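Secondary and tertiary structure notes
The lines below spell out each chain.
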Amino acid sequence: MNRAPWLWGILFALWLLLSWHFEPLFIIFGLFTCTVAVWVSVRMGVVDRESLPVHLIGRAVGYVPWLVWEVFRSNVRVARIILSPRMLVDPSIVHFRASQATDLGRFIYANSITLTPGTVTTGVTGDDMEVHAIVQSEIDGSEENDMNRRVAVLEGKDPR
Amino acid sequence: MDMALTVLTWALLMAGAFFLLTGALGMVRLPDVFTRMHAAGMTDTMGAGLILAGLFVHALSAGDQLVAVPVRLLLILGFLWFTSPIATHATAKAALSGGVRPFTLAAAESGDLPESAGSGEEPGGARQLTPPGDGSGAGQSGEEQGGASS
């Protein structure tokens, strides 16, 4: 899968959206700038499936709303802990096993864990996730398993 | 219609402000750097998210820049949600590597407080600051570092 046209398309769309000028002069500037940027990126060898994971876009449409909902739920949970008079925290470092096949999948899983308040990924070694949880007893694994499974689905099969 | 959008804008802004305030309160109340990080996570996910959502609704109802402003707000939110977990992770890992022992209930009950513990409300929960990386902490840091290196 050639990612350079994807990069060019994304950059030019960004140019149009952010400038919102459609005079020929600005369009030509945009075409030129995007082409140079893509040329430099390809020459540097940084356009690959990790830096530009366009193969995930379709499945991310399903994952992102679920993640936003999870972030909201855990925000409410942490807010309740902080606002309760006794503030019952029971922090601990726990370990999860990640079932994603690629580094990109594990990266997304680790970032999703950190993005939901109440859990912060402190280290990733192979498929072992080291996670600091603010309330240990609420991390029974079922929710993390759900996220783990969803990221594995998001990552999908290697389409290369 | 305009009225409804204004009300929605204000509701989102106030909800965002609530999460920002709660996060700030958590920064003060929670016992150590790791638990405080969870509070900081609240401010830059829901706090910023809801305020940007409120501004998004407002930009749609204001109407003179129907594309440029909402798109920028979405981009800001996207960049924020992509970068803040990385910053949080870097802070956590740096703290572990630097020998900060995470606060635990067991340690707090035995009176072995790793950092400023307690919010000053409990009797006997006097603030007790020990510099990070003293004797036992340094020993543990080596262990954690080995386990956390990826």
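Since the structure is predicted, the reported quantities are computational estimates derived from the model, not experimental observations.

Rules used in this analysis
- Residues numbered from 1 in each chain as written.
- Chains lettered and ligands numbered in written order.
- Predicted model: local features only at pLDDT ≥ 70, side-chain atom pairs only at ≥ 80, totals over all residues.
- Helix = DSSP H or I, 4+ residues; strand = E, 2+ residues; numbered from the N terminus.
- Buried ≥ 20, exposed ≤ 12 C-beta atoms within 10 Å, placed from the backbone.
- Contact = placed C-beta atoms within 7 Å.
- Domains from an automatic or database assignment.
- Axes fitted to C-alpha atoms, helices over the stretch in contact; angles between N-to-C directions.
- Parallel < 35°, antiparallel > 145°, perpendicular 65-115°, else oblique.
- Left-handed = near helix turned anticlockwise from the far one by under 90°.
- Core = buried A, V, L, I, M, F, W, Y, C linked by C-beta atoms within 7 Å.
- pLDDT = per-residue confidence, 0-100.
- Expected span 1.5 Å × (residues − 1).

Moving on to the overall build of chain B. Looking only at helices and strands, one finds 5 helices and 0 strands in chain B. Its helices and strands in sequence order give chain B the pattern α-α-α-α-α, from N to C terminus. Within the span of chain B, comprising 150 residues, buried residues form 37% of the whole. Sequence separation of at least 24 residues holds for 62% of the intrachain contacts in chain B that already meet a minimum separation of 6.

Here we take up the interface of chain A and chain B. Each partner contributes residues to the interface: chain A has 29 residues there, and chain B has 33 residues. Looking at the side of chain A that touches chain B, the elements that each hand over two or more residues are α3 (57-83), β1 (92-97), α4 (103-115), β2 (119-125) and β3 (128-133) of chain A. The greatest single-element share of the side of chain A that touches chain B, amounting to 7 residues, is contributed by α3 of chain A.

Let us now look at the domain arrangement of chain A. As assigned here, chain A comprises domain 1 (4-44) and domain 2 (55-155). For domain 1 of chain A and domain 2 of chain A, the distance between their C-alpha centres works out to 36 Å.

Before going further, it helps to spend a moment on the packing of helix α1 (residues 2-29) of chain B against helix α2 (residues 33-62) of chain B. Residue and element names in this part refer to chain B. Two elements in contact, α1 and α2, have axes separated by 8 Å at closest approach and are oriented at 165°. Accordingly, the angle class assigned to the pair α1 and α2 is roughly antiparallel. Along this stretch, α1 crosses α2, giving a crossing that reads as left-handed.

What follows is about the nonpolar core. One finds Tyr-109, Met-129 and Val-131 of chain A to be the most contacted residues of the largest nonpolar core, which totals 48 residues. Ranked by residue count, the leading element in this core is α2 of chain B, at 14 residues. Leaving out residues up to four positions away in the same chain, Met-129 of chain A has contacts with His-95, Phe-96, Ala-98, Ala-110, Ile-113, Thr-121 and Val-124 of chain A.

For the rest of this paragraph, the subject is the confidence of the model for chain B. When pLDDT is low, close inspection of the predicted coordinates is not appropriate. All names here are of chain B. When the pLDDT values of chain B are averaged, the result is 76; 71% of them are 70 or greater. Within chain B, the lowest mean pLDDT, 40, falls on helix α5 (residues 135-148), and the highest, 92, falls on α1. Scoring of the predicted complex yields 0.78 for pTM and 0.81 for ipTM.

Before going further, it helps to examine helix α1 (residues 4-19) of chain A. Spanning 16 residues, α1 of chain A covers 22 Å between terminal C-alpha atoms, matching the ideal 22 Å at 1.5 Å per step. At the C-terminal side of α1 of chain A, Trp-20 of chain A shows a positive phi close to 55°.

Taking 1.5 Å of rise per residue, the 27 residues of α3 of chain A would be expected to cover 39 Å, and the 38 Å separating its terminal C-alpha atoms lies within 8% of that figure. Those residues of α3 of chain A lying buried are Leu-67, Val-71, Ser-74, Asn-75, Val-78, Ala-79, Ile-81 and Ile-82 of chain A. Close packing links the buried residues of α3 of chain A with α4 of chain A together with α1 and α2 of chain B.

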